[in-house]
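Now for the letters of each chain:
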Amino acid sequence: MAERRGNITHVIFDMDGILLDTERLYTEVFGDVIARYGKKFDWSLKPKLMGRKAIISAGIMVEELDLPITPEQLLHEGEIEQKKKFPLCNLMPGADKLVRHLHKNKIPIAVSTGSTKSSFEMKTQTRHQEFFKLFHHILCCGSDPEIKHGKPAPDAYTVAAERFDGGSPDPSNVLVFEDAVTGIQSALAAGMKAVFIPDDNLDKALWPNGYHQIMKSMEEFKPEEWGLPAYEE
């Protein structure tokens, strides 16, 4: 019998790279935009951006690559390209099965994303409206006034937990799924359990400390190891 890892009562998911296959699209979009200025966007820079608010990430790109534009201009150019690609994005492997399983078994689930509300709607309205209605709530940290500090600060997950019915559960009973180093750090700072699903391109030397489980995709997740209902055979 598998080792029991915890007694989880609530689950919070990051969105980009966890539920939606959009991290790959972000790389394509900003790679194309930055190439216009004779610079290269790759995985030496990307880990510094993942999980952060869009304007913070844009500022990092402008500074690190010495771009001749403002962060706001970079975001504007990126958004034009995102509108072409993001509405057709796919769900990540295992996401649909796990989310529907938890919803069916009445496990409270939520999303905490660094996206703004408008960006969230761009990514979900065309193909995934019904899927995201399964969640108790969606926290869009990029535009929510309660989020004073982005990841790796704990706000993204403490605020998300507070919005469950009945208020914030015991954080040690909350499980977070993340693909970003800053996201794992945010979940741990909030006192929660964290499952790390890193992109294959992320240098292992940059992996964070302290996560409770690591896997290649949600297809590997065994709910019963965390005190959650097992999948039906």
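These lines cover the structure that appears in this document, whether it is placed above or below. On a predicted model such as this, the values are computed, not experimentally measured, just so you know.

The next thing to look at is the overall build of the chain. What the chain contains, in helices and strands, is 8 helices and 6 strands. Its helices and strands taken in sequence order, the chain reads β-α-α-α-α-β-α-α-β-α-β-α-β-β from the N to the C terminus. Over its C-alpha atoms the chain spans a radius of gyration of 17 Å, differing by no more than 12% from the 17 Å that the globule rule assigns to 233 residues. Along the first, second and third principal axes, the C-alpha set of the chain runs to 55 × 35 × 35 Å.

Right, let's get into the layout of surface pockets. Within this model, the largest pocket holds a volume of roughly 540 Å³. Along the walls of the largest pocket sit 30 residues, with Tyr26, Phe30, Arg52, Ala54 and Gln82 positioned nearest its centre. Where the lining of the largest pocket is concerned, the elements lending two or more residues are helix H1 (23-35), helix H2 (54-65), helix H3 (71-85) and helix H5 (117-124). Broken down by element, the lining of the largest pocket gets its largest block of residues, 5 residues, from H2. If you trace the second largest pocket, you find 16 residues lining it, with Gly17, Met92, Pro198, Asp199 and Lys216 closest to the centre. Its residues assigned to classes, the lining of the second largest pocket comprises 7 nonpolar, 2 polar and 7 charged.

This part is about the environment of Ala35. Positionally, Ala35 belongs in helix H1. In this structure, the C-alpha to C-alpha distance between Ala35 and Ala58, residues 23 residues apart in sequence, is 15 Å.

The rules behind these values
Residues numbered from 1 in each chain as written. Predicted model: local features only at pLDDT ≥ 70, side-chain atom pairs only at ≥ 80, totals over all residues. Heavy atoms only, no water. Helix = DSSP H or I, 4+ residues; strand = E, 2+ residues; numbered from the N terminus. Rg over C-alpha atoms; globule rule 2.2 N^0.38 Å. 1 Å grid on protein atoms, 1.4 Å probe; cavity = no way out; pocket = protein on both sides within 12 Å on 5 of 7 lines; lining within 4 Å. Points joined across faces, edges and corners; volume = space filled by probe spheres on them. Nonpolar A, V, L, I, M, F, W, Y, C, P; charged D, E, K, R; others polar.

The values are spatial; any link to function lies outside them.
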